[in-house]
Amino acid sequence: MAAVEFTEETKQQVERIGSADVVVGIAGAVSPEELRPRAERILQELGSAVSSLRFVFAWPGKAPASPPGESAADNPALALLPFSPPPQAEVWAGVSANQRAVLGLAASLNARVCIVLGSDLAALDARAIQLFAYAVLDRQCGLAMPVYLAARYDGLLNSGILSPLSRALYGRRIRYPLAFDFAASGALCGALSRSNLAAENAGNALLWPVTVASTQNAQVQVGQVHIDVHHKVATEGLELSAVLGQLVGSLFHEMDVCASHWQRIRGSQATPVWGNAGEGSDDAQPIDPQSMLDTFLLGSRNLDEVWRLILPPNSLLELRRLTRLAPDQFRLPDGLWASIVYDFALAWRLRTLSRGHLLGALTPLYLGWAASWVREVSSLSNADAEQRLEQLARAWEEKKPYLLSRWRWPDRFNP
Amino acid sequence: MWQQVEQSLHSSMGLVMNKIATMLPGILAFIVAFLFFLLLGWLVSWIVSRILSGLRFDERMGRGANAMAEFSPRATPSLLIGRIVFWCFVIAGVVVGVSALGTSEQIVSGWMLAYVPRVVGAAILLLAGNVLARFVSRSVLITGVNLNLSYARLLSMGVRWMILVLTGAMVLDHLALGGEIVELGFGILFGGIVFALSLAVGLGSRDLVSRSLEREAARPPEVVPPEKIHHF
């Protein structure tokens with residue numbers, strides 16, 4: 001299997017450092033002048049709890065003023081390791097490429113744990129590092145994923161598709177399967193760093209840690225840690241359909257590749273969660289989802305010929321019924337939404353139509369779901385909205401037999 | 001007189017029967033040659049497809065195959081090559097069959113032989129035009145809907161028919177049918193569409209456009225309220 005390629009300079013630095021217990025890698029360019037003091041402060045804050053561990057902080061970029069590889073300041077437990085950033089790719093693919101590089105470095109250093117963090121450094125604090133390290137080193141987790149502090153209307157694409165689909169497929173109840181921050185055990189670092197590198201379009205392939213962990217070894221324990229972090233995602237200039245195409249397309253690709261694995265999984269396992277869930281602000285201001293609903297209605301009027309190629313008659317009938325409802329009564333049932341996404345995944349596999357068109361045609365449907373969701377949770381608290389998400393995810397699991405039938409017998413099973 | 005009529009009919013019938021009798025072996029030869037090449041084409045294309053899949057040709061094509069799949073989702077490069085081989089044999093079968101019709105039809109078969117490349121080229125143009133029209137119109141429709149344009153379907157149909165008309169004109173031109181009428185007709189049609197649109201905007205919506213431009217120029221920079229819904 002292909003491995004992450006590093007420059008000679010990076011390899012020499014890795015040799016110079018030798019080994020590490022904890023590799024904290026930043027998946028994006030950061031200023032070393034900002035990183036170094038924060039790294040030192042974190043080690044001070046962690047104090048005796050990590051005194052026996054050797055830390056390496058890695059990031060894509062140039063070396064700081066003092067020679068790289070040498071212990072920073074007077075702290076022998078800390079080393080800084082800049083590495084050459086992988087070739088530029090699309091937004092999320094660039095993050096994944098950097099995450100793979102960090103994991104590859106951790107594997108080269110025989111690290112016991114690798115903690116990957118987002119480049120906005122929002123999660124670079126002692127609490128998050130401690131929790132991730134605790135989950136992997138003390139609780140023997142192969143993979144520790146974050147649970148972010150999110151409001152009802154945050155990360156809808158994750159709540160509506162990525163999380164429930166990943167959970168239904170791989171049987172792990174993970175709230176954020178595509179995260180900026182996560183930690184992996186040394187044993188899993190190699191597999192994670194190599195994932196999808198042999199794929200046709202490796203440069204733009206995303207890293208789905210939960211998928212890799214589940215397919216590598218069913219015994220790998222996956223945990224979650226609550227971190228009070230809110231990442232700033234630069235959304236300017238990004239079109240929803242393009243982002244949806246990249247993220248959902250990548251998950252569909254994984255689904256196609258790992259079909260033999262997820263077809264054997266039934267139900268889902270609860271994952272242990274550590275840390276305290278923060279209190280998100282319950283923004284009481286109602287939001288009008290009419291613009292999203294309008295896009296859905298426009299799609300239903302114009303994209304019928306495309307949807308007919310993908311969706312079975314039952315779903316089309318249901319969608320037609322929904323378009324006749326008054327805006328305040330508009331609710332997209334969980335089961336219908338799950339079956340729609342499953343049908344799109346099947347069409348992706350069968351190449352029923354161009355994949356770009358396929359994911360473009362999913363966008364109005366997603367906005368219909370988002371409009372329905374926003375209307376439904378507007379009167380709920382954040383905690384109740386989380387409960388509602390759990391209900392949604394269960395509906396996806398209940399619909400999995402439908403996916404299996406359609407996947408195995410696409411021509412015979414077409415309700 | 002009736003005798004003369006009867007004799008004349010007999011002789012013309014005899015001539016026709018004679019003609020058919022002389023052509024019959026040629027027709028039979030045409031059918032045999034066509035069927036033979038059809039079978040041969042099927043066999044060779046099957047062998048070529050097997051060899052290409054054995055060599056994992058589609059995977060080696062990588063990005064090229066992805067780009068092709070965008071236009072024709074179900075077609076893979078090896079399938080396309082197999083089909084090209086098959087149709088080459090079918091065309092060769094038609095050409096050989098026509099040649100076998102007999103020496104008396106040599107002028108016709110010679111003319112047909114010379115025309116075959118044009119027909120093939122026109123067929124390819126027609127196919128490519130149709131695929132392109134379908135792909136581009138669907139792209140415009142989906143993008144239009146995602147941009148919330150209420151006239152997305154109209155736009156998509158306009159694009160589709162523009163490409164189809166352009167393709168039709170190119171096909172006729174390639175077949176050397178219609179001569180200058182096609183070029184002239186196509187020029188008038190396209191010019192007419194552009195002229196009609198210009199008039200529609202220039203005369204019909206002149207006030208609307210100028211008001212809209214003035215409004216845009218006078219509008220203070222808009223402060224976008226922070227998004228409350230985050231999709232990602």
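Just above, that's the structure.
Described in the following lines is the structure provided in the data block. (Residues numbered from 1 in each chain as written. Chains lettered and ligands numbered in written order. Predicted model: local features only at pLDDT ≥ 70, side-chain atom pairs only at ≥ 80, totals over all residues. Heavy atoms only, no water.)

All names here are of chain A. For strand 1 (residues 22–26), the buried fraction is high: 5 of the 5 residues fall into the buried class. Across the two faces of strand 1 the burial is the same, with Val22, Val24 and Ile26 and Val23 and Gly25 all buried. Bridging between strand 1 and strand 2 (residues 55–60) involves 4 bridges; their strand directions are parallel. Within the sheet, the bridge partner assigned to Val22 lies in strand 2 and is Phe55. The pairing of strand 1 with strand 4 (residues 113–117) spans 5 bridges and is classified as parallel. The partner of Val23 across the bridge, within strand 4, is Cys114. (Buried < 20%, exposed > 50% of the residue type's maximum accessible area, 1.4 Å probe, protein only. Helix = DSSP H or I, 4+ residues; strand = E, 2+ residues; numbered from the N terminus. Pairing = 2+ DSSP bridges.)

Moving on, we get to empty space enclosed by the protein. All names here are of chain A. For the structure shown, the criterion picks out 1 cavity of 30 Å³ or more. Roughly 60 Å³ of internal volume is contained in the largest cavity. Lining the largest cavity are Ala150, Ala151, Arg152, Asp154, Leu156, Ser159, Arg175, Trp373, Asn382, Ala385, Glu386 and Leu389. Secondary-structure elements contributing two or more residues to the lining of the largest cavity are helix 5 (156–170) and helix 15 (382–398). Among the elements that line the lining of the largest cavity, the one with the most residues is helix 15, at 4 residues. By residue class, the composition of the lining of the largest cavity is 6 nonpolar, 2 polar and 4 charged. (1 Å grid on protein atoms, 1.4 Å probe; cavity = no way out; pocket = protein on both sides within 12 Å on 5 of 7 lines; lining within 4 Å. Points joined across faces, edges and corners; volume = space filled by probe spheres on them. Nonpolar A, V, L, I, M, F, W, Y, C, P; charged D, E, K, R; others polar.)

What follows is about the interface of chain A and chain B. Contact residues are listed per partner, giving 45 residues for chain A and 23 residues for chain B. The partner of Glu305 of chain A in a salt bridge is Arg153 of chain B, with the nearest N and O atoms 3.4 Å apart. Summed over the shared surface of chain A and chain B, the result is 5 residue pairs in polar contact (both at pLDDT 80 or more). Among the secondary structure elements, those contributing two or more residues to the side of chain A that touches chain B are helix 5, helix 8 (240–257), helix 10 (290–302), helix 11 (304–310) and helix 14 (355–377) of chain A. (Contact = heavy atoms within 4.5 Å. Salt bridge = Lys/Arg side-chain N within 4 Å of Asp/Glu carboxyl O. Polar contact = N/O pair within 3.5 Å; in protein donor to acceptor, adjacent residues only side chain to side chain.)

Moving on, we get to the pattern of salt bridges. Residues and elements named next belong to chain A. On inspection of all chains with the given rule, the structure shows 14 salt bridges over all chains. For Arg375, the salt bridge is made with Asp288, and the minimal N-O distance between the two is 3.9 Å. Of the two residues, Arg375 sits in helix 14 while Asp288 sits in the loop between strand 8 (273–274) and helix 10, which places them 87 residues apart along the sequence. With a closest N to O distance of 3.4 Å, Asp304 and Arg308 form a salt bridge. Taken together, the positions of Asp304 and Arg308, both in helix 11 and 4 residues apart, correspond to about one turn of that helix.

Residues and elements named next belong to chain A. Following the criterion strictly, the structure yields 15 aromatic pairs over all chains and no others. Note on Tyr342 and Trp396: the rings are 5.5 Å apart at their centroids and 80° apart in plane angle, and the pair reads as edge-to-face. On the criterion of sequence distance, the pair formed by Tyr342 in helix 13 (residues 334–350) and Trp396 in helix 15 is long-range, its members being 54 residues apart. Both residues of the pair, Tyr342 and Trp396, count as buried. Aromatic ring contacts, followed pair by pair, group Trp337, Tyr366, Trp369 and Trp373 into a single cluster. Seen from the ring of Trp348, Arg355 lies directly overhead, with NZ or CZ sitting 4.1 Å from the centre. The ring centre of Tyr402 lies 5.0 Å from the NZ or CZ of Lys399, which sits over that ring. (Phe/Tyr/Trp six-rings, centres within 6.5 Å; stacked < 30°, edge-to-face > 60°. Lys NZ or Arg CZ within 6 Å of the ring centre and 35° of its normal.)

Residues and elements named next belong to chain A. Where helix 6 (residues 186–194) meets helix 7 (residues 209–216), the closest approach of the two axes is 10 Å, and the angle between their N-to-C directions is 115°. In this view, helix 6 runs roughly perpendicular relative to helix 7, as classed from their interaxial angle. Classified by chirality, the crossing of helix 7 by helix 6 is right-handed. Here Leu188, Ala191 and Leu192 of helix 6 lie close against helix 7, whose contacting residues are Pro209, Val212, Ala213 and Gln216. In terms of residue class, the contact of helix 6 with helix 7 is built from 6 nonpolar, 1 polar and no charged. (Axes fitted to C-alpha atoms, helices over the stretch in contact; angles between N-to-C directions. Parallel < 35°, antiparallel > 145°, perpendicular 65-115°, else oblique. Left-handed = near helix turned anticlockwise from the far one by under 90°.)

The next subject is helix 10 of chain A. Taking 1.5 Å per residue as the helical rise, helix 10 of chain A with its 13 residues ought to reach 18 Å, and the 18 Å between its terminal C-alpha atoms agrees with that figure. Considered for burial, the residues of helix 10 of chain A that qualify are Met292, Leu293, Thr295, Phe296, Leu298, Gly299, Ser300 and Asn302 of chain A. (Expected span 1.5 Å × (residues − 1).)

Helical geometry: 3.6 residues make up each α-helical turn, so side chains three or four residues apart lie on a common side. All names here are of chain A. Helix length check: helix 14 (23 residues) gives 32 Å between terminal C-alpha atoms against 33 Å at 1.5 Å per residue, within 8%. The sharpest bend along helix 14 comes to roughly 25°, located at Thr363, with the proline Pro364 sitting one to four residues further on. Counting buried positions along helix 14 yields 21 of 23 residues, so the element is predominantly enclosed. (Bend = angle between axes of the 7 residues up to and from the residue.)

This is a description of form; function is not addressed.
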